[in-house]
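The residues making up each chain are set out below.
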Amino acid sequence: MDLSYYHVADDVPENIEEETAVVIDVLRATTTIACALNNGAASVQTFADLDLLKKESSLWPSSERILLGERGGKKLEGFDLGNSPIAVTKDVVEDKRIFMSTTNGTRSFARVRDFKNVYAMSLVNRKAVGEKLLSQKNDQVLILGSGWEGSYSLEDSLAAGALASFLMSSKQNSVQIINDELNAAIALWTCWETDLIGCLRKSTHGQRLQRIGNHDQDFLCCSELDNISTVPEQREKGILFSL
Ligand code: MLT
């Protein structure tokens with residue numbers, strides 16, 4: 001399996017040949033998506049554009065939908081939820097379609113929506129996504145972080161390194177690391193694998209979250225490695241379902 005990693009959507013080359021993408025936004029979009037689907041949400045539809053989200057969600061009965069919106073780490077006015085994995089509990093999300101827009105994570109989904117296979121991964125479902133990739137025997141996999149407004153983020157690279165290191169330890173497949181972004185991510189994982197929550201708190205977005213309020217429970221949730229087995233998979237363009 002050839003594995004590459006790009007920090008943010010704009011770094012992905014135009015004519016990429018990969019058919020499989022793994023989108024990562026540890027703090028917090030892909031953690032929230034994994035938790036929501038794990039707690040019984042029917043699906044999560046991601047939008048980079050808020051007007052489109054409002055238009056499409058208005059076509060759904062209000063009792064069957066949840067609007068989740070975040071900018072700058074904060075919940076958007078008029079939305080049911082902000083982007084917190086601890087808010088998407090079973091009683092809130094079960095059987096609902098979540099219409100979601102976040103500062104960075106949903107842009108990454110927009111970049112890869114035409115890929116044949118798209119998965120959402122964070123630390124909580126790293127092993128589940130890794131096992132899925134191994135079982136599918138994908139030849140080329142692109143891992144895409146979300147960063148912050150176009151720039152690098154520590155925690156997404158940590159998770160990219162965690163995925164690569166899981167895949168490299170498998171005897172089922174041989175893994176080739178295709179770019180230095182991924183070599184660096186693996187080195188980062190080696191540095192921080194025994195203190196995941198420390199890494200999340202040290203990251204600039206982790207510091208932003210600490211500045212705007214108490215996010216201790218979010219950090220705890222986002223750092224629970226291999227805690228859930230849900231693999232969010234794109235089955236319709238821009239819409240993720242649980243495998
Ligand atoms: C994003 O998409 O930028 C993040 O998930 C922001 C956040 O922590 O809510």
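About the thresholds
- Residues numbered from 1 in each chain as written.
- Predicted model: local features only at pLDDT ≥ 70, side-chain atom pairs only at ≥ 80, totals over all residues.
- Heavy atoms only, no water.
- Core = buried A, V, L, I, M, F, W, Y, C linked by side-chain atoms within 4.5 Å.
- Buried < 20%, exposed > 50% of the residue type's maximum accessible area, 1.4 Å probe, protein only.
- Helix = DSSP H or I, 4+ residues; strand = E, 2+ residues; numbered from the N terminus.
- Contact = heavy atoms within 4.5 Å.
- Phe/Tyr/Trp six-rings, centres within 6.5 Å; stacked < 30°, edge-to-face > 60°.
- Lys NZ or Arg CZ within 6 Å of the ring centre and 35° of its normal.
- Salt bridge = Lys/Arg side-chain N within 4 Å of Asp/Glu carboxyl O.
- Near = heavy atom within 4 Å.
- Polar contact = N/O pair within 3.5 Å; in protein donor to acceptor, adjacent residues only side chain to side chain.
- Areas by Shrake-Rupley, 256 points an atom, 1.4 Å probe, with all protein chains shown as cover.
- Disulfide = S-S within 2.5 Å.

Thoughts on the nonpolar core
- With 37 residues, the main nonpolar core has Leu 3, Val 22, Leu 123, Leu 133, Leu 167 and Leu 182 as its most contacted residues.
- It is helix H6 (residues 154-168) that provides the largest number of residues to this core, a total of eight residues.
- What Val 22 contacts, discounting residues up to four positions off in sequence, is Tyr 119, Met 121, Val 129, Leu 133, Val 141, Leu 142, Ile 143, Leu 144 and Leu 163.
- Counting 27 residues, the second-largest nonpolar core is a separate cluster that includes Leu 37, Ile 98, Met 100 and Ala 120.

Observations concerning the packing of aromatic side chains
- In the structure shown here, the tally under the stated rule is two aromatic pairs.
- Here the aromatic rings of Phe 47 and Phe 99 are separated by 6.2 Å at their centres, their planes lie at 25°, and the arrangement is stacked. One end of the pair, Phe 47, is in the loop between strand E3 (43-46) and helix H2 (50-57); the other, Phe 99, is in strand E6 (residues 97-101), and 52 residues separate them in sequence.
- For Phe 47, a relative accessible area of 4% translates into the label buried.
- Accessibility expressed as a relative area gives 0% for Phe 99, which makes it buried.
- Three or more aromatic residues joined by ring pairs make a cluster, and in this case those are Phe 47, Trp 60 and Phe 99.
- Across the ring face of Trp 148, the terminal group of Arg 208 is positioned such that the distance to the ring centre comes to 3.8 Å.

Observations regarding helix H5 (residues 126-136)
- When we look at burial in H5, the residues that qualify are Arg 126, Ala 128, Val 129, Gly 130, Leu 133 and Leu 134.
- Elements that come into contact with the buried residues of H5 comprise strand E2 (20-24), strand E7 (117-121), strand E8 (140-144), H6 and helix H7 (180-192).
- The positive-phi residue at the C-terminal boundary of H5 is Lys 137, with phi of around 50°.

Considerations on the pattern of salt bridges
- This structure, assessed with the given rule, holds seven salt bridges.
- We note a salt bridge from Asp 218 to Arg 28, for which the minimum N-O separation is 3.1 Å. Remark: Arg 28 occurs in the loop between E2 and helix H1 (29-38) and Asp 218 occurs in helix H10 (residues 216-222); sequence separation between them is 190 residues.
- We classify Asp 218 as buried; its relative accessible area is 5%.
- The class for Arg 28 is buried, based on a relative accessible area of 4%.

Re the site of the ligand
- By nearness alone, every residue bordering the ligand is listed as Asp 25, Leu 27, Arg 28, Ala 29, Glu 70, Asn 83, Thr 102, Thr 103, Asn 104, Gly 105, Trp 148 and His 205.
- Between an oxygen atom of the ligand and a side-chain N or O atom of Thr 102, the distance comes to 2.6 Å.
- In the environment of the ligand, an oxygen atom lies 2.6 Å from a nitrogen or oxygen atom belonging to the side chain of His 205.
- Considered on its own, the ligand offers 270 Å² of accessible surface; in the complex 100% of this is hidden by protein.

Description of the state of the cysteines
- For the coordinates displayed, the defined rule picks out zero disulfides.
- No disulfide involves Cys 222; its nearest neighbouring cysteine sulfur is the one of Cys 221, lying 5.3 Å away.
- A relative accessible area of 0% places Cys 222 in the buried class.

As for the environment of Gly 145
- Considering the arrangement of structural elements, one finds Gly 145 in the loop between E8 and H6.
- Distance in space between the C-alpha atoms of Gly 145 and Tyr 6 is 6.2 Å, their sequence separation being 139 residues.

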